[in-house]
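# A look at the structure
Below, each chain spelled out in residue letters.
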Amino acid sequence: MRAARVARRREGSVHAMRGQREEGVTTVGYALVVAIVALLLVTGFVLLFNSVPTRFERTSDCVSAPDGTGCPMVTSATGP
């Protein structure tokens, strides 16, 4: 009888350890997903904020030129 109880305790502790390992694995998986999303967001913000000032400078050059020399040619999508 005693041996059976000890065996059941060991079996229960093994299952508990498996549950903890699986929980740790899912935690690591979620942490990796969060890290990748954060990296993509930072990369997107850097690319966005590097191109926005250039666009404003081009617009400023176009608006400040009286003869429109700084403006790119705009084509009409509808036609004449």
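Residues numbered from 1 in each chain as written. Predicted model: local features only at pLDDT ≥ 70, side-chain atom pairs only at ≥ 80, totals over all residues. Heavy atoms only, no water.

Another aspect to go through is the overall build of the protein chain. Within the protein chain, the regular secondary structure consists of 1 helix and 0 strands. Within the protein chain, the fraction of its 80 residues that count as buried is 1%. Carbon and sulfur atoms provide 66% of the accessible area of the protein chain, an area that totals close to 7500 Å². (Helix = DSSP H or I, 4+ residues; strand = E, 2+ residues; numbered from the N terminus. Buried < 20%, exposed > 50% of the residue type's maximum accessible area, 1.4 Å probe, protein only. Areas by Shrake-Rupley, 256 points an atom, 1.4 Å probe, with all protein chains shown as cover.)

The subject of this paragraph is a nonpolar patch on the surface. On the surface, a nonpolar cluster with roughly 580 Å² of combined accessible area is contributed by Val-33, Val-37, Leu-41, Phe-45, Leu-48 and Phe-49. Residue position: Val-37 is located in helix H1 (residues 2-64). Looking at Val-37, the relative accessible area reads 43%, which means it is partly exposed. (Patch = residues over 30% accessible without salt bridge, like charges linked within 9 Å, V, L, I, M, F, W, Y side chains within 5 Å. Salt bridge = Lys/Arg side-chain N within 4 Å of Asp/Glu carboxyl O.)

Just geometry here; none of it tells us what the structure is for.
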